[in-house]
2 protein chains.
Amino acid sequence: MNERVGFIGLGIMGRGMAANLIKAGFSVRVWNRTGSRMEPLIAEGAAPGTSPADVAVHSDIVVLCVSDTPDVETVILGENGIIHGAKAGDLVIDCSTISPQETKRIAAELMEKDIHMLDAPISGGSVGATNGTLSIMVGGEDEQFERALPVFEAMGKAITHVGPNGAGQTTKLVNQVLVVGNALAMCEALMFAQAGGLDLQKVYDAVSQGAAGSWFFTNRAPQIMERDWSPGFTIALQQKDVRLCLQAADDMGVPLFGTNIVFNLYRTLEAMGLQDEGNHALIKALEHLAGFEVGG
Amino acid sequence: MNERVGFIGLGIMGRGMAANLIKAGFSVRVWNRTGSRMEPLIAEGAAPGTSPADVAVHSDIVVLCVSDTPDVETVILGENGIIHGAKAGDLVIDCSTISPQETKRIAAELMEKDIHMLDAPISGGSVGATNGTLSIMVGGEDEQFERALPVFEAMGKAITHVGPNGAGQTTKLVNQVLVVGNALAMCEALMFAQAGGLDLQKVYDAVSQGAAGSWFFTNRAPQIMERDWSPGFTIALQQKDVRLCLQAADDMGVPLFGTNIVFNLYRTLEAMGLQDEGNHALIKALEHLAGFEVGG
């Protein structure tokens, strides 16, 4: 608890995570590209930073949670980036979901200045971020993982050290391959049920608890049946993660048939302007193709 | 309990279901194409039938559980079929998984002789059949569903009346779209994890309980990690069901991208002679394409 913590990126996830660090008693300094987002955290006791480098100067551990690979590169390695403020022995924890390959490169560049890094992507959505119940998949050195545990425990519940730098990101992408694959199965099943004239609630009751069950079907099929497209996770962010999956899979020579289909269906939805809807709005792409809608 | 029950089709599922009917106190007459399969049931107290028609003559309710649509047609409508032995008011319960469209046609043909029918496909595998814990998805008239409940309760746990004739079969196909879609997601995720150099057990621990979770991943990923291909459900039977899904989807105008991919991957495995392995051996098709194996 003696280590000073910096937090960069106060978006839909970061704001709840930073608040939980303050609640847990950490001394927290925050920074966000859009400065106004810092205000609620300052009201809760955070100090305001003037740049990522400034946050790093005043912290021993800097957590960041931003959108994509280029954002992480800018915040860590760019002008006024963390690397320009951090001292030897400091720890950078990246909770963004980005390229495993780039993660290894950034970690190596930090290590040249004796700055440690953990990749620690999260799962659990804004609800998990607010409630401190995130799943955290961590890549990096054992020693740094142990050091970071109090920070992780303030933000999440299921905290798994899966391997060296990059392994956290790769595990997160495994998670996303499962999520979008299960989502596609759910969408096809609901379309089939609708076309077959079935009572969707009865079908849900009959199939959701058995061998056909998934978290996604249990939690998102009811939302679709009510045509509620509010996001647990947006199409735009989901598509960003699917793109990372496909790029990594291409590098590694892994055939991802289902994931690739979802990528193309999300592309259709983005072209329709639906990028801010929940990732379960995937079904709208099938509806668009088939010419009929589910539920209502 | 006063109704006499016939049971036709003593395969991997039917033998356990018939045994549970005997245990529940029903007077049961059995028939199977391969006669020797009747012997264990006769030892448990069943009477031997000489044909489906003969079983129907001595029963008020006839349950059948055979492989595919043509088998059901033969057993019900063919020479020496149930229709030639049943009397007005009798009830036929078809626990096979077959075409919803053909189910409606067969039910209509039986109804011309005042013989009732319920389509009641099952889920839960041979373990569920033996333990009497099957899920049963029932299509047909309310009155016949109520009449059949004691029979269903002797064989299963989650018994859902989903709609009129055909609705049970359509619901089962919805179930199978989910199963194979979740299976594909699991296979792609494990291939990705393997290629990424991850410790598969750690990945399993990190992702199986959250938003990426499914029954199939929880139960079959460990089998794959141990390269255990013993079937809960065989590729041959799974492929038969996927074919029914695709045929019905084509009739109804439903795009099934993921399901269609699984069909083609299972076709590859059948060409490799793997039709008797478990449906999770789906991953062997991806391994065949990628040139590396998961776990081991």
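Description of the structure in this document. (Residues numbered from 1 in each chain as written. Chains lettered and ligands numbered in written order. Predicted model: local features only at pLDDT ≥ 70, side-chain atom pairs only at ≥ 80, totals over all residues. Heavy atoms only, no water.)

### Examining the relation of the copies chain B and chain A
- Between chain B and chain A, which share one sequence, the superposing operator has a rotation angle of 180° and an axial displacement of 0.0 Å; the RMSD is 0.1 Å. Such values leave the two copies arranged in the relation of a two-fold axis. The C-alpha atom lying nearest the rotation axis in chain B is that of Ser214 of chain B; the distance is 1.9 Å.
- The fraction of interface residues of chain B whose copies in chain A are also interface residues reaches 100%, indicating that both copies meet through the same surface. (Least-squares fit on C-alpha atoms with pLDDT ≥ 70 in both. Contact = heavy atoms within 4.5 Å.)

### Let's talk about the interface of chain B and chain A
- Taken together, the contact pairs 55 residues of chain B with 55 residues of chain A.
- Of the roughly 4600 Å² buried between chain B and chain A, counting both surfaces, carbon and sulfur atoms make up 75%.
- Broken down residue by residue, the surface that chain B buries against chain A is led by Leu178, Glu188 and Phe192 of chain B, which jointly contribute 16%.
- At the boundary of chain B with chain A, the tally comes to 0 salt bridges.
- Taken together, the elements giving at least two residues each to the side of chain B that touches chain A come down to β9 (156-163), α8 (167-195), α9 (200-207), α10 (215-225), α11 (235-252), α12 (257-271) and α13 (283-290) of chain B.
- Per-element tally for the side of chain B that touches chain A: the top contributor is α8 of chain B, with 20 residues.
- The residue makeup of the side of chain B that touches chain A, split by class, is 39 nonpolar, 14 polar and 2 charged. (Buried area = accessible area lost by both parts, 1.4 Å probe. Salt bridge = Lys/Arg side-chain N within 4 Å of Asp/Glu carboxyl O. Helix = DSSP H or I, 4+ residues; strand = E, 2+ residues; numbered from the N terminus. Nonpolar A, V, L, I, M, F, W, Y, C, P; charged D, E, K, R; others polar.)

### Brief notes about the packing of helix α8 (residues 167-195) of chain A against α8 of chain B
- One can describe the packing of α8 of chain A onto α8 of chain B by two numbers: an axis separation of 8 Å at closest approach and a directional angle of 165°. In this view, α8 of chain A runs roughly antiparallel relative to α8 of chain B, as classed from their interaxial angle. Crossing hand, α8 of chain A versus α8 of chain B: right-handed.
- Looking at side-chain class alone, the contact of α8 of chain A with α8 of chain B contains 18 nonpolar, 6 polar and 2 charged residues. (Axes fitted to C-alpha atoms, helices over the stretch in contact; angles between N-to-C directions. Parallel < 35°, antiparallel > 145°, perpendicular 65-115°, else oblique. Left-handed = near helix turned anticlockwise from the far one by under 90°.)

### Quick look at the pattern of salt bridges
- Here the structure, examined in full by the defined rule, presents 24 salt bridges over all chains.
- Ionic pairing is found between Asp241 of chain A and Lys240 of chain A, a salt bridge with its closest N-O pair at 3.0 Å.
- Glu293 of chain B is the partner of Arg227 of chain B in a salt bridge, and the nearest nitrogen-oxygen pair spans 3.6 Å. One end of the pair, Arg227 of chain B, is in the loop between α10 and α11; the other, Glu293 of chain B, is in the segment after α13, and 66 residues separate them in sequence.
- Within the structure, one salt-bridge network assembled from shared partners comprises Arg4, Asp60, Lys87 and Asp90 of chain A.

### What to know about the environment of Trp215 of chain A
- Along the chain, Trp215 of chain A falls in helix α10 (residues 215-225).
- Relative accessible area serves as the criterion here: at 29%, Trp215 of chain A is assigned to the partly exposed category.
- Considered as a pair, Trp215 of chain A and Ile136 of chain A are 79 residues apart in the sequence and their alpha carbons are 18 Å apart.
- In this structure, Trp215 of chain A is in contact with Arg220 of chain A together with Gly210, Ala211 and Gly213 of chain B, ignoring residues within four places of it in sequence. (Buried < 20%, exposed > 50% of the residue type's maximum accessible area, 1.4 Å probe, protein only.)

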